[in-house]
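Structure assessment
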Amino acid sequence: LILFFGYVTLVPEVWDWFMEKLGIFKKSKKILESGVEKQSLWGDITIGFAMGPVFTGCSPVLLAILPLIGESTKITGSLYLLAYITGLVGLLGVIALFGQKVTKRLQFTTNPHGKFKRHLGIILLIMGALIIS
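Rules behind the numbers
Residue numbers run consecutively from 1 along every chain, following the written order of its sequence. Only residues with pLDDT of at least 70 get local features here, since the model is predicted, and only at 80 or more are side-chain atom pairs given and counted; chain-wide, interface and lining totals rely on the full set of residues. For side-chain calculations, the full set of non-hydrogen atoms in the structure is used, while hydrogens and water are omitted. Helical segments are the DSSP runs of H or I of at least four residues, strand segments are the runs of E of at least two, and each set is numbered from the N terminus. Between two residues, a contact is recorded if the distance between any of their heavy atoms is within 4.5 Å. Only the protein chains shown count as cover for residues, and the accessible areas themselves come from Shrake-Rupley with a 1.4 Å probe. Each axis is a line fitted through C-alpha atoms, and for a helix only the stretch in contact is used; angles between axes span 0 to 180 degrees, taken between their N-to-C directions. In what follows, roughly perpendicular refers to angles from 65 to 115 degrees, roughly parallel to angles under 35, roughly antiparallel to angles over 145, and oblique to any angle outside these ranges. It is the rotation of the near helix from the far one that decides the hand of a crossing: anticlockwise by less than a right angle makes it left-handed, clockwise makes it right-handed. Three categories are distinguished: nonpolar for Ala, Val, Leu, Ile, Met, Phe, Trp, Tyr, Cys and Pro, charged for Asp, Glu, Lys and Arg, and polar for the others, with Gly belonging to the last. Like charges within 9 Å and nonpolar side chains (Val, Leu, Ile, Met, Phe, Trp, Tyr) within 5 Å are joined into patches, using only residues over 30% in relative accessible area that form no salt bridge. One side-chain nitrogen of Lys or Arg within 4 Å of one carboxyl oxygen of Asp or Glu is enough to make a salt bridge. Ring pairs are drawn from Phe, Tyr and Trp, using the six-membered ring of Trp, whenever the two centres fall within 6.5 Å, and their geometry is named by plane angle: stacked under 30 degrees, edge-to-face over 60, tilted for the rest. Partly exposed residues are those whose accessible area sits between 20% and 50% of the maximum for their type, while under 20% is buried and over 50% is exposed, using a 1.4 Å probe and protein chains only. For a helix, the expected span equals 1.5 Å multiplied by the number of residues minus one. What we call the bend at a residue is the angle made by axes fitted to the seven residues finishing there and the seven residues starting there. Every residue is assigned a pLDDT by the predictor, reflecting its confidence on a scale from 0 to 100.

1. Looking at the overall build of the chain
Along the chain, the regular secondary structure elements total eight helices and zero strands. Listed by position from the N terminus, the elements making up the chain come as α-α-α-α-α-α-α-α. Within the chain, residue pairs in contact and separated by at least 24 positions form 46% of the contacts whose partners lie at least 6 positions apart. If you sum the accessible surface of the chain, you get close to 10600 Å²; carbon and sulfur atoms cover 72% of it.

In structure tokens, the structure reads:
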């Protein structure tokens, strides 16, 4: 997986082709557009669902907390889940407040053909090769 992400980070056209074949971009764009059209709470929720594929990078953390919840009592499991949600909401709140300022400073990281992405792809490929070896 690390090798795959290293390769598609190094060659972003492969990622675009892969996402196009799966139809993820088309579906996400359609949901996002319908959410923007609705100027209400439901529109915001729809936009949240459309942004879900972006947020799936956090799913390993969620999978790590699920065994804790499953093996505990209902109260303790609920507290674990509440702590997770509180931390997540706090982090997303900080991102919402300061995200634009940070992204303007880090705009060089968004260029898929830029040096930063190429270096990141090379690092991921090296890490993947080291893990395999």
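2. Thoughts on the packing of helix α1 (residues 2-10) against helix α8 (residues 115-132)
Taken N-terminus to C-terminus, the directions of α1 and α8 make an angle of 160 degrees; their axes are 7 Å apart at the nearest point. Judged on the interaxial angle alone, α8 and α1 are roughly antiparallel. Pair α1 / α8 crosses with left-handed handedness. Between α1, through I2, L3, F5, G6, Y7, T9 and L10, and α8, the contact on the second element is made entirely by K117, R118, L120, G121, I122, L124, L125, M127, G128, A129, I131 and I132. For the contact of α1 with α8, the residue count by class is 13 nonpolar, four polar and two charged.

3. Brief notes about a nonpolar patch on the surface
Together, L1, F4, F5, W17, F18, L22, I24 and F25 make up a nonpolar patch on the protein surface, roughly 790 Å² of accessible area in all. On the secondary structure map, I24 appears in helix α3 (residues 24-37).

4. A few points about the packing of aromatic side chains
For the structure on display, the rule yields one aromatic pair. Between F4 and F5 the ring centres are 5.5 Å apart and the planes differ by 65 degrees, which places this aromatic pair in the edge-to-face class. The class of F4 is partly exposed, set by a relative accessible area of 32%. Take F5: its relative accessible area is 35%, and that puts it in the partly exposed class.

5. What to know about helix α7 (residues 74-105)
In a regular helix each residue adds 1.5 Å, so 32 residues correspond to 46 Å; α7 covers 44 Å between its end C-alpha atoms and thus fits that length. A maximum bend of about 60 degrees is found in α7 at F98. Within the sequence span of α7, burial applies to G77, Y84 and G99.

6. A word on the side chain of T9
Considering the arrangement of structural elements, one finds T9 in helix α1. Residue classification places T9 among the buried residues on the basis of a relative accessible area of 17%. Not counting residues up to four positions away in its chain, the partners in contact with T9 are P112, K117, L120, G121 and L124.

7. A closer look at the packing of α1 against helix α2 (residues 12-22)
When two helices pack together, their arrangement is captured by the angle between the axes and the distance separating the axes. Running from amino to carboxyl end, α1 crosses α2 at an angle of 110 degrees, the nearest separation of the two axes being 4 Å. The angle between α1 and α2 falls in the class roughly perpendicular. Residues F4, F5, Y7, V8, T9 and L10 of α1 pack against P12, V14, W15 and F18 of α2. Of the residues belonging to the contact of α1 with α2, the class tally is nine nonpolar, one polar and no charged.

8. Digging into the confidence of the model for the chain
Mean pLDDT for the chain: 76, with 73% of residues reaching 70 or above. By mean pLDDT, the top-scoring element of the chain is α8 (90), and the lowest-scoring one is helix α5 (residues 52-55) (60).

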